[in-house]
Amino acid sequence: MKPPIAQTLKLDERKLPAQVFERLAERGGYIMRDRKAREENSEKAWENFGKPGRDPSSLDSVLGAIAGAGNWTPQLKMAQLRDHWDQVVGPAIAQHSTVTDLRDGVLVIRTESPNWATTLTYMIPQLTATIRERLAGLDIREIRVSGPMPQRGGGYRGYRRRG
């Protein structure tokens, strides 16, 4: 096992952090040799702490910048659409339908019965306008509505046969 680099280079470990910091700070013009000037700046910082305009940016803007830089915006908008689906179609229809997928500009909505699929199919122009208005930036070129998947033996999920 190798000894620490400070021992190998025969550096005083107690002075090393100060030496490194001072050298880097001098490059950035941070060190003020005048003690009185440092104390005045420290006092000003305490007086201004927490005042409006002191923070460079809000957490919301920082998270927005991170999401935009990481190309997370479409996924976040899609999650927002799923979470607030009832505000787009109304609570009654939202109970019988869900947003399932968005790929290549095609939004897929699944319903629990063919009747609800028909209802939503007639609403596609309204849905498109509402989604574009409320979730600007979400690239939707087409909306497809599908009913329940047929099960083996006939019938649909969500249906009960009375017989």
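Residues numbered from 1 in each chain as written. Predicted model: local features only at pLDDT ≥ 70, side-chain atom pairs only at ≥ 80, totals over all residues. Heavy atoms only, no water.

- The name given to the protein in an unreviewed UniProt entry is DUF721 domain-containing protein, and the organism recorded there is Bifidobacterium amazonense.

### Remarks on the pattern of salt bridges
Step number 1: With the rule as written, the count across this model stands at three salt bridges.
Step number 2: Here aspartate 101 makes a salt bridge to arginine 103, at a shortest N to O gap of 3.5 Å.
Step number 3: By relative accessible area, arginine 103 is classed as exposed at 59%.
Step number 4: Among the ionic pairs, glutamate 142 bridges to arginine 144, the shortest N-O distance being 2.9 Å. (Salt bridge = Lys/Arg side-chain N within 4 Å of Asp/Glu carboxyl O. Buried < 20%, exposed > 50% of the residue type's maximum accessible area, 1.4 Å probe, protein only.)

### Quick notes on the confidence of the model for the protein
Step number 1: Mean pLDDT over the protein stands at 77; residues scoring 70 or higher make up 71%.
Step number 2: The least confident element of the protein, judged by mean pLDDT, is helix α2 (residues 16-28) at 66; the most confident is strand β2 (residues 106-111) at 92. (pLDDT = per-residue confidence, 0-100. Helix = DSSP H or I, 4+ residues; strand = E, 2+ residues; numbered from the N terminus.)

### What to know about the nonpolar core
Step number 1: Judged by nonpolar contacts, the single largest core of 20 residues is most densely connected at Leu81, Trp85, Leu107, Leu127 and Ile131.
Step number 2: Listed by contribution, the elements that provide at least two residues to this core are α5 (73-83), α6 (85-89), α7 (91-94), β2, α8 (114-122), α9 (124-134) and β3 (142-146).
Step number 3: Tallying contributions element by element places α6 first for this core, with three residues. (Core = buried A, V, L, I, M, F, W, Y, C linked by side-chain atoms within 4.5 Å.)

### A word on α5
Step number 1: Looking at α5, one finds that the buried residues are Lys77, Met78 and Leu81. Buried residues of α5, seen end-on, are gathered within an arc of 100 degrees and therefore sit on one face of the element. Opposite the packed face of α5, turned more than 90 degrees from it, sit the exposed residues Gln75 and Asp83. (Arc of directions from axis to C-beta.)

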